[in-house]
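Residues per chain, in single letters:
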Amino acid sequence: MTVYFIGAGPGDPELLTLKAQRIISECPVCLYAGSLVPAAVVAGAPDGALVMDTAPMTLDDTHAQIAVAHAKGQDVARVHSGDPSLYGAIAEQIRRLKADGIDYQIIPGVPAYAAAAAALGQELTVPEIAQSIVLTRMSMKSTSMPEGETLENFARTGATLAIHLGIRALREIERVLTPHYGADCPVVVAYRASWPDEVFLRGTLSEIHAKVRAEKITRTALILVGPALADIKDFKDSALYDPQIPHVLRPKVLT
């Protein structure tokens, strides 16, 4: 049997990959993170499948279910939100699978920052404005951050920041980022991107906290920060399509 770690995407069932959809439809056991993955995502599980919401379960609990499935030779769809490679908490699960000699595969999914950018209708890497995206998070009550991976260090790059688990730390985010980005730097708070009740709040570092409080958003939100989020009209075209800049697929300068 095989355990499939499946990226369910940000919430919209239509953002599942075809491969993820197929595997869910074939696995007799489906364990999904119900706090972040809507039931509609796993509605395609086969008739008679064991479908369990793992939100109230511990690592021991979920691994016990996998062990039972392994003994029966049943494949398991282990469904996580977004892409499981980013804050998917799969490393500790994989460690246990390896210790027990259980095969696994990872099926990538659409990350929340990509869904948010799509809904906003814009690119997060604008030529000569920002060419990097930093995916990070705030510590808060979760696992501490490694030394050196501080918000201030990332802020020095001027890159577009995608900050997870930070909606309750907006004042701290404002304090740390303002010296580097400026108080008028654009910010977008994406609440439950791609869900039916999604909310997108636009503002600046100096005003976003008040807007979030007014909407009473306290969880399940991604914070995007950076100059690339502004409504920029005067920026240089990408060199990729510049007729004066040849490349391997267009080796000649076009006139």
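Quick note: structure is the one above.
Conventions used here
Residues numbered from 1 in each chain as written. Predicted model: local features only at pLDDT ≥ 70, side-chain atom pairs only at ≥ 80, totals over all residues. Heavy atoms only, no water. Buried < 20%, exposed > 50% of the residue type's maximum accessible area, 1.4 Å probe, protein only. Helix = DSSP H or I, 4+ residues; strand = E, 2+ residues; numbered from the N terminus. Pairing = 2+ DSSP bridges. Axes fitted to C-alpha atoms, helices over the stretch in contact; angles between N-to-C directions. Contact = heavy atoms within 4.5 Å. Phe/Tyr/Trp six-rings, centres within 6.5 Å; stacked < 30°, edge-to-face > 60°. Lys NZ or Arg CZ within 6 Å of the ring centre and 35° of its normal. Salt bridge = Lys/Arg side-chain N within 4 Å of Asp/Glu carboxyl O. Expected span 1.5 Å × (residues − 1). Arc of directions from axis to C-beta. Parallel < 35°, antiparallel > 145°, perpendicular 65-115°, else oblique. Left-handed = near helix turned anticlockwise from the far one by under 90°. Nonpolar A, V, L, I, M, F, W, Y, C, P; charged D, E, K, R; others polar.

A. Expanded view of the pairing of strand β8 (residues 186-191). Within β8, five of the six residues are buried, which leaves the element mostly enclosed by the surrounding structure. Across six bridges, the pairing between β8 and strand β9 (residues 199-204) is antiparallel. Residue pairing in the sheet places A190 in a bridge with F200 of β9. Here five bridges tie β8 to strand β10 (residues 221-225), and the two strands are oriented antiparallel to one another. Within β10, the residue paired with A190 across the bridge is L222.

B. How the structure looks around the sheet that holds strand β2 (residues 29-32). Sheet architecture is open: five strands sit in the order β3-β2-β4-β1-β5, paired in parallel fashion. Of all the strands in the sheet, the pair left with one neighbour each is β3 (50-53) and β5 (103-107). Each strand of the sheet is rotated relative to its neighbour by a mean of 15°, with strand direction disregarded. Where helix α2 (residues 59-72) meets the sheet, it contacts β1 (2-7), β2, β3 and β4 (76-80), and its direction lies at approximately 170° from that of β2.

C. Spotlight on the packing of aromatic side chains. Per the counting criterion, the structure on display carries one aromatic pair. Above the plane of the ring of W195 lies R192, whose end atom (NZ or CZ) is 3.9 Å from the centre.

D. Fine view of helix α4 (residues 112-120). Looking only at α4, the buried set comprises A115, A116, A117 and L120. Immediately beyond the C-terminal end of α4, within one or two residues, lies G121, with a positive phi of roughly 70°.

E. Fine view of the pattern of salt bridges. Taken as a whole, this structure holds seven salt bridges when the rule is applied. R22 is paired through a salt bridge with E26; the nearest N and O atoms lie 3.2 Å apart. Separated by four residues within a single helix, R22 and E26 lie in helix α1 (residues 18-26), roughly one turn from each other. Assessed through its relative accessible area of 40%, R22 is described here as partly exposed. As a salt-bridge pair, R175 and E172 come within 2.7 Å of each other at their nearest N and O atoms. In this pair, R175 and E172 both sit in helix α6 (residues 170-181), three residues apart, roughly one turn of the helix. The class of E172 is partly exposed, set by a relative accessible area of 34%.

F. Representation of the sheet that holds β10. Ordered by their spatial adjacency, five strands build an open sheet running β6-β7-β10-β8-β9, and the pairing between neighbours is mixed. The sheet is open, and its two edges are formed by β6 (133-137) and β9, each paired on a single side. The average angle at which neighbouring strand axes cross in this sheet is 20°, direction not considered. Set on the sheet, α6 makes contact with β7 (160-164) and β10; between it and β7 the angle comes to about 165°. Strand contacts of helix α7 (residues 208-215): β8 and β9, with the helix running at about 150° to β9, the strand carrying the most contacts.

G. Structural detail: α2. Along its 14 residues, α2 runs 20 Å from first to last C-alpha, staying within 8% of the 20 Å computed at 1.5 Å per residue. Those residues of α2 that fall on the buried side of the exposure criterion are T62, H63, I66 and A69. Along the long axis of α2, the arc covered by the buried residues comes to 115°, so they all point the same way. For α2, the exposed residues set more than 90 degrees away from the buried face come down to A71 and K72. As for α2, its buried residues are in contact with β1, β2, β4 and α3 (91-99).

H. Here's a closer look at unusual backbone geometry. One non-glycine residue, K216, adopts positive backbone phi at about 60°. In this fold, K216 is placed in the loop between α7 and β10. For T220, which is not glycine, the phi torsion reads 50° and is therefore positive. The residue T220 is located in the loop between α7 and β10 in this model. Overall, the relative accessible area of 27% leaves T220 in the partly exposed class.

I. View of the packing of α2 against α3. Where α2 meets α3, the axes come as close as 11 Å, and the angle between the chain directions of the two elements is 45°. In terms of orientation, α2 lies oblique with respect to α3. Our pair here, α2 against α3, has a crossing hand that is right-handed. When α2 is examined against α3, the residues L59, D60, H63 and I66 are found in contact with a partner set consisting of E92, Q93, R96 and L97. The class makeup of the residues in the contact of α2 with α3 is three nonpolar, two polar and three charged.

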